[in-house]
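Fold and contact review
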Amino acid sequence: MRSLTLEGVSFWYPATDSPALRNVSLHVARGEIVALVGALGAGASTLLLVAADLAPRVTGGRLTGSAARHDRSGIVLPTPWTQASGMAFSVWDEVAFGPANLGWPTHEIARQVDRAIEQLELAPLASRDPVTLSGGELQRVIIAAILAMDPGLVLLDEPAAELDSDGARTLWRLIRRLAKDGKAVLLATSTLDALPEVADRVVWLEDGAIRAVGPPDLLADVAACDAGLGTSVATVWRTSGLPGPYPLTVAHALRRWR
Amino acid sequence: MIPVLRLDGVSFSYGSVPALADVSFDIAPGERVALLGRNGAGKSTVVRLIAGLQRPDEGTVWVGDWDTRDCAPEELARRVGSLFQHADQQLFASSVRDDVSFGPRALGVGEREVERRTDDALEDLDLTPHAAHHPYDLPPALRKLAALAGVLALEPALLVLDEPTIGLDRALRARVTRGLLERSAAGAALLVITHDLTFAAETLERGLVLDRGTLACDEPLAALLGDATRLEPFGLEPPPVAALSAALDLPGRPVRAAEAARELARVARGRPAP
Ligand SMILES: Nc1ncnc2c1ncn2[C@@H]1O[C@H](COP(=O)(O)OP(=O)(O)OP(=O)(O)O)[C@@H](O)[C@H]1O
Ligand SMILES: [Mg+2]
């Protein structure tokens, strides 16, 4: 079952001549995790905005082709601190803000909020004022606030950017669990080394167009390494001049080495 | 020689929330220091204290021979360039170039020198093609990079950078590394907060770890990043290159990609072909 279908999508930001997305066709199924990778400016963030129906609706600009969502979506922006409601004086109320706006009954709001707070390990911060949190603490709150709305299509732009190693591991594990529960997940990240364990498919964007799609092994390809999109291990292997195929992870390298 | 920065028994609380407890360390000119630790460990609080936006409850923050308690943030900016965690929101000029030149101009540097510093900083971070753009037409990662250029253009004795590489691709990260290495070679000290341990390994040489507001660790970064058991209590794990070196037992356990590749090639040459 598809959650998101993009067919031949091109997109221009207002007052620009060259498109930020060029003829992109992509679908994301329920239960699937798709990761967008590419150089900065290659179009991953724009693609997420299109998937969230924020571009062009909110950003302005022009879209050709078609973008169809088959589930309600929720997006975590790369600037999560701009997503706080500004109306809540506790973390719990911040996370409840979205669900309350969906008009759910009180007990359902409480159930979703409690679950999201637990998933992001925010219980110790639940009564804190969101404006007093550290960067990583706030990023977790915003992720929880989006997940508390129970979106079927989860869109995440650099969701681990400010998280510590433990927090990032918890997040990636949570994303796997969301997919297992049938959510569709589309994410953009520059943390390539996390993807072998997280993504089902990797989409390589270059200059607004899809250059390649494949399993995470894509991140050990010669071409990906040369474009700065190889995992750290694959890149070290390539730089060393050892023959391919390059190992994707430390575990692969160890098997190769023995 | 006077350290560029000295924290001497610094404690700080936000009301009832304790953030730092009795933190002491020195940084010498040209030193490249990583400040690591969990979310909420107190890293950004250190930045705010050094920038003079907060005053310590106890202890003293010395920037050279200035006690930050006696200095306004504008004065401290003559010696310290601070990049805040959410600096992408602090751009206000109508072009990237104007934003980058604002700092040196405010310091009263001559106009030719302002131009030179602005050009250098933009070039160092590969921002020259964006110089005429409005900051808010750029993606957040580039806005933060533009803010970093503004900090470099101050050419301060001490650079304090909170998460300088968020959302950057590998080429731009390498660019930041190179720019910072050049500044450090010219004598600037670096104190860099980052969760990106790969970037830290490539760029920095000494590791400080804050653990719930106390300084838990101060040692050479490469040794620390290669040691999973030392990192584990702080919620950190070795970056992939360090993990690779350990797994393959590469000589010298390199933590930087180029060195690991060199060792890997050397060891592979000495092995019988599979
Ligand atoms: N204005 C504030 N009022 C109350 N508490 C605060 C305030 N700012 C920060 N804190 C708390 O102080 C502690 C240290 O915060 P700080 O921002 O220094 O953490 P950090 O190490 O930078 O974390 P991160 O990696 O998430 O950015 C945290 O527990 C945080 O919640
Ligand atoms: Mg911080």
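Heads up: the structure comes first, above all this text.
Residues numbered from 1 in each chain as written. Chains lettered and ligands numbered in written order. Predicted model: local features only at pLDDT ≥ 70, side-chain atom pairs only at ≥ 80, totals over all residues. Heavy atoms only, no water.

Next up on the list: the coordination of the magnesium ion (ligand 2). In an ideal tetrahedron of four donors about a metal, each angle is 109.5 degrees. In an ideal octahedron of six donors, the angles are 90 or 180 degrees. All names here are of chain B. Of the protein atoms, only Ser44 (OG) and Gln85 (OE1) coordinate the magnesium ion (ligand 2), at distances of 2.0 to 2.3 Å. A residue pair is termed long-range when its members are at least 10 positions apart, and serine 44 in helix H1 (residues 43-50) and glutamine 85 in the loop between strand E6 (80-83) and helix H3 (96-106) qualify at 41 residues. Looking at serine 44, the relative accessible area reads 15%, which means it is buried. On the basis of relative accessible area, glutamine 85 is assigned to the buried category, the value being 13%. (Donors = N, O, S within 2.8 Å, 3.2 Å for Na, K, Ca; no water. Helix = DSSP H or I, 4+ residues; strand = E, 2+ residues; numbered from the N terminus. Buried < 20%, exposed > 50% of the residue type's maximum accessible area, 1.4 Å probe, protein only.)

Neighbouring ligand 1 are 20 residues, the closest being Arg128, Ser134 and Glu137 of chain A together with Lys43 and Thr45 of chain B. Chains contributing residues to the immediate surroundings of ligand 1 are chains A and B. Within the contact set of ligand 1, an oxygen atom lies 2.8 Å away from a side-chain nitrogen or oxygen of serine 44 of chain B. Between ligand 1 and glutamine 85 of chain B, the relevant distance is 2.9 Å, taken from an oxygen atom to a side-chain nitrogen or oxygen of the residue. Burial of ligand 1 by the surrounding chains reaches 89%, relative to a free accessible area of 640 Å². (Near = heavy atom within 4 Å. Polar contact = N/O pair within 3.5 Å; in protein donor to acceptor, adjacent residues only side chain to side chain. Areas by Shrake-Rupley, 256 points an atom, 1.4 Å probe, with all protein chains shown as cover.)

Structurally, alanine 222 of chain B can be placed in helix H8 (residues 221-225). Between the C-alpha atom of alanine 222 of chain B and that of glycine 30 of chain B, which follows or precedes it by 192 residues, the distance is 18 Å.

What follows concerns the nonpolar core. With 68 residues, the main nonpolar core has Val95, Ile175, Leu187 and Trp237 of chain A as its most contacted residues. Leaving out residues up to four positions away in the same chain, isoleucine 175 of chain A has contacts with Ile33, Leu156, Val185, Leu187 and Val198 of chain A. In terms of nonpolar packing, the next biggest core, distinct from the first, is built from 47 residues, Ala87, Leu197, Leu224 and Phe234 of chain B among them. (Core = buried A, V, L, I, M, F, W, Y, C linked by side-chain atoms within 4.5 Å. Contact = heavy atoms within 4.5 Å.)

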